[in-house]
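The primary structure of each chain is shown beneath.
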Amino acid sequence: MTKKLLAIVLGLSAWIGGTMAATLAGGGSVAAAQPMFVIERAHADYTPSLDGNDPIFILLMGSDSRPGTPLEKGRADSLHILGINPSAHRATLYGIPRDSFVQLSTGGVNKINSAMAAGGPEAEVQTVENVTGIQFDYWVLTGFNEVKTAVDAVGGLVINVPYTVVGFDQTFPEGVHRMNGEQVLGYSRTRHSLPLGDFDRSLNQGVVMKNALTQFRVEYAKDAARLYTWLGAGLRNVQTTVPLDELIKLAGLSAKLPATRVTNLVALGTSGMVGSQSVVHLSDANQALWQDLGADGYILEKDIPATAQPAPN
Amino acid sequence: MARRRIIVGVVIAAIVIVALFLLLGGKDSPIGSIIPNNEPPPPEFAFNHKHVTSGFEATVAKVDKDKQLKTAKQITPAVQTAVTSLLQTGYVDPDTWGDAGAIDDLFTGTAKDQVEPNVDTLTLGSTAADTYESLDPSASANHLKVIAMTDGNANAIRAMATFDFTGKATQSDGGVAKVTVTGTLFFVPDGNDWKIEAFRVQREIKPMQPKSSATTATASSSESP
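Residues numbered from 1 in each chain as written. Chains lettered and ligands numbered in written order. Predicted model: local features only at pLDDT ≥ 70, side-chain atom pairs only at ≥ 80, totals over all residues. Heavy atoms only, no water.

1. Looking at the overall build of chain B
Our working rule: Note on conventions: DSSP H or I runs of at least 4 residues are helices, E runs of at least 2 residues are strands, and numbering of each starts at the N terminus. Only protein chains enter the accessibility calculation, which uses a 1.4 Å probe; a residue whose area is less than 20% of its type maximum is buried, one above 50% is exposed, and one in between is partly exposed. The contact criterion used is simple: two residues touch if any of their non-hydrogen atoms lie within 4.5 Å. The Shrake-Rupley method, run with a 1.4 Å probe, gives the accessible areas here. Residue values count only the displayed protein chains as cover.
Check the secondary structure of chain B and you find five helices and six strands. Secondary structure of chain B in N-to-C order comes out as α-β-α-α-α-α-β-β-β-β-β. Among the 225 residues that make up chain B, the fraction classed as buried is 40%. Sequence-distant contacts, at least 24 apart, represent 62% of the contacts inside chain B between residues at least 6 apart. Accessible surface, chain B: about 12200 Å² in total, of which carbon and sulfur atoms supply 54%.

2. Focus on the overall build of chain A
In terms of regular secondary structure, chain A is built from nine helices and 15 strands. Expressed as a percentage of contacts within chain A between residues at least 6 apart in sequence, the contacts between residues at least 24 apart total 64%. Element-wise, carbon and sulfur atoms account for 56% of the exposed surface of chain A, whose accessible area totals about 14500 Å².

3. A closer look at the pattern of salt bridges
Inclusion rule: What counts as a salt bridge is simple: a side-chain nitrogen of Lys or Arg found within 4 Å of a carboxyl oxygen of Asp or Glu.
The full count for this structure, using the stated rule, is 15 salt bridges over all chains. One salt-bridge network, held together by shared partners, links D77, R98, D99 and K111 of chain A.

4. Some thoughts on the packing of aromatic side chains
Under the convention used in this document: Only Phe, Tyr and Trp rings take part, Trp by its six-membered ring, and two of them pair if their centres are within 6.5 Å. Stacked means planes under 30 degrees apart, edge-to-face means over 60, and tilted covers everything else. In this scheme, the term charge over a ring applies when either NZ of a lysine or CZ of an arginine sits within 6 Å of the ring centre and within 35 degrees of the ring normal.
One pass over the structure, following the stated rule, counts ten aromatic pairs over all chains. Between Y46 of chain A and F199 of chain B, the aromatic rings sit 6.0 Å apart at their centres with planes inclined by 40°, giving tilted as the arrangement. Taken as a pair, Y46 of chain A in strand β1 (residues 37–46) and F199 of chain B in strand β5 (residues 193–208) lie in two separate chains rather than in one. With respect to class, Y46 of chain A is no different from F199 of chain B; both count as buried. Taken together, the aromatic side chains of F45, F47, Y91 and F165 of chain B make up a single cluster linked through ring pairs. Its guanidinium or amino end placed over the ring of F144 of chain A, R189 of chain A lies 4.0 Å from that ring's centre, counting from NZ or CZ. If you follow R200 of chain B out to its NZ or CZ, it ends over the ring of Y220 of chain A, 4.8 Å from the centre.

5. Here's the deal with the nonpolar core
Within soluble globular proteins, side chains that are nonpolar generally end up buried alongside one another. We count it as follows: In plain words, nonpolar cores are sets of buried Ala, Val, Leu, Ile, Met, Phe, Trp, Tyr and Cys residues tied together by side-chain atoms within 4.5 Å.
With 50 residues, the main nonpolar core has I58, L157, I159, Y187, L227, Y228 and L231 of chain A as its most contacted residues. In contact with L227 of chain A, other than residues within four places in its own chain, are F216, Y220 and A251 of chain A together with F186 of chain B. With 46 residues, the next largest nonpolar core counts V79, W194, F199 and I205 of chain B among its residues.

6. Overview of helix α8 (residues 244–254) of chain A
Most of α8 of chain A sits inside the fold, with eight of its eleven residues counted as buried. Those residues of α8 of chain A that fall on the buried side of the exposure criterion are L244, E246, L247, I248, A251, G252, L253 and S254 of chain A.

7. Some words on the side chain of S202 of chain A
Residue position: S202 of chain A is located in helix α6 (residues 198–222). For S202 of chain A, the contacting residues outside a window of four places in its chain are L79, H80, G95, I96 and V266 of chain A.

8. So, the sheet that holds strand β3 (residues 76–85) of chain A
All names here are of chain A. Selection rule: When DSSP finds at least two bridges between two strands, those strands are taken to pair. Comment: axis = line fitted to C-alpha atoms, over the contacting stretch for helices; angle = value between 0 and 180 degrees taken between N-to-C directions.
An order of β12-β7-β2-β3-β4-β13 is seen for the six strands of this open sheet, with the pairing classed as mixed. The sheet is open, and its two edges are formed by β12 (239–240) and β13 (262–266), each paired on a single side. As paired strands, β3 and strand β4 (residues 90–95) are joined by six bridges and run antiparallel to one another. By the bridge assignment for β4, I81 is matched with Y94. On the sheet, α6 packs against β2 (56–63), β3, β4 and β13 and is oriented at approximately 165° with respect to β13.

9. Here we look at helix α4 (residues 144–153) of chain A
All names here are of chain A. Applied cut-off: Throughout, the arc means the angular range of directions from the helix axis out to the C-beta atoms.
Every buried residue of α4 is listed here: F144, A150 and V151. Seen end-on, α4 carries its buried residues on one side only, within an arc spanning 135°. As for α4, its buried residues are in contact with β2, β8 (157–161), β11 (175–179), α5 (181–189) and α7 (226–235). Phi turns positive one or two residues past the end of α4, at G155, with a value near 90°.

10. So, the pairing of β4 of chain A
All names here are of chain A. In terms of burial, β4 is a largely internal element, five of the six residues being buried. The hairpin turn running from β3 into β4, its antiparallel successor, is four residues long, and H89 in that turn takes a positive phi close to 55°. Sheet topology note: the β4/β13 ladder contains five bridges and is parallel. Its bridge partner being in β13, Y94 is matched across the sheet by L265.

11. A look at the side chain of K111 of chain A
Residue and element names in this part refer to chain A. Test applied: We define a polar contact as two N or O atoms separated by no more than 3.5 Å, with the added condition that, inside protein, one atom must be a possible hydrogen donor and the other a possible acceptor, whereas residues neighbouring each other in sequence contribute only through side-chain atom pairs.
With respect to the helices and strands, the residue K111 is situated in strand β6 (residues 109–111). Polar contacts involving the side chain of K111 include one to the side chain of D99, which spans 3.4 Å. For K111, the contacting residues outside a window of four places in its chain are R98, D99, S100, F101, L104, Q277, S278 and V279.

12. Considering the environment of E133 of chain B
Residue and element names in this part refer to chain B. Mapped onto the fold, E133 is located in strand β2 (residues 132–150). C-alpha separation for the pair E133 and Q171, spaced 38 residues apart in sequence, amounts to 5.6 Å. In this structure, E133 is in contact with P94, W97, T170, Q171 and S172, ignoring residues within four places of it in sequence.

13. Remarks on the confidence of the model for chain B
Residue and element names in this part refer to chain B. Condition: pLDDT gives the predictor's per-residue confidence on a scale running from 0 to 100.
Confidence in the prediction of chain B, expressed as mean pLDDT, is 86, and 77% of residues score 70 or more. Scored below 50 in pLDDT, residues 213–225 makes 19 contacts in the model with residues more than four places away or belonging to other chains. Here the predicted complex carries an ipTM of 0.84, next to a pTM of 0.84.

14. Thoughts on unusual backbone geometry
Here H89 of chain A, not a glycine, exhibits a phi torsion of approximately 55°, which is positive. Position of H89 of chain A relative to the elements: it lies in the loop between β3 and β4.

Following this line, the structure appears as structure tokens:
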């Protein structure tokens, strides 16, 4: 027993001594004898993101003001409710036809787009809030030239055109195309050749925004510095109440929000005439959808009535 | 008699083991704090000034570009200091490899909470000292580009730094590895300083092939999340 103990202790000493000798000799270790040319890569990535269960609502407005006229003095010809649910990683774009005949926050009943010309962006926001019951956290306002400039500043947009659209001065064939600012604007404004006119135009504007999201996600994933390119291009060409902090968090959220999780739909309604005006009478069926959207910031496609979403072509 | 020899042997062996522990336990050994440390201090990293550039991203449409660029150039030294500090503390100084506490003052907001989970990329790593003894930064293979996000009054409201950094890490066994760190850091102003609010950093460690074993070496690749 004692011999065994001595042998263990001496063996241990010899092992330690041997290791020390090898170390002092400056090499000869097992690791050195087996060269390991392994390239080790590591990656750290963090962008603050919107979080929580509370939905966020932003009213996106496109002014029809011509050059020389301030954006806020024009009519809100393009209107989209953007609802976002950060924790569910879902969003919804809910287009409202510009000719929707509604009670205006500035008084009287008229086309919904005229509220901005009468009282500015806040009056337009108030009008849409009164109509839909949705309370907005922020608004964004842009215009024709601003859209063109912003798109060109990010190098154009890749748009997946769901069906061929004959525009005012050019045709946009079905398929994937990289469009410059002028083309994106042309595609977004076209309505006369569309089966459902203004309803389809609003839907196509949603298509553009979803494709922009996809493109931003791809570019940002490849090169984080693209964040500033997109933020700068956007901020230079909009008026908005969204703080920069929130915009950066929206960018962070976009990493978790593929376009497939963004529902794009347009309000239900029927075209009609009031006097000599062509108007849209919004359907009562919108109320249930707005309640759904207002509750959690998104609407699932399965919950949309078939008539609400015009089928492509 | 034999029993006495055994006891003496055990005592001697124990003394040998304790002595070896004290001598080979490195700078953290009890004796390490008594014997003066003759190790040279870590090198000081600095970006080559020829490789530091400035630019701006305006948030309003009509701006005086010269004023905006002037602002960008004014904030560049402060941002450069923060990036340099991250690389010096996280990569060049062996004493702070893997030490989240040593770099987290450079971060702010929710990004501060992300330092610890990402410490193995934001520094050479928490186990780097097991493999490497030192890291010598390249004097020339480094670049820094600072972009100021500017408002209509040419105030810098945010900043972004893209950088690359290369160094040579010396392994404990005498081997050498090339360490490359690239990244984009997003900053917010904090008094006179700039703090990191978002980051994307990539690190690559590539063992440099000894000339003598060039014909027998094999290459492979691994990636950690």
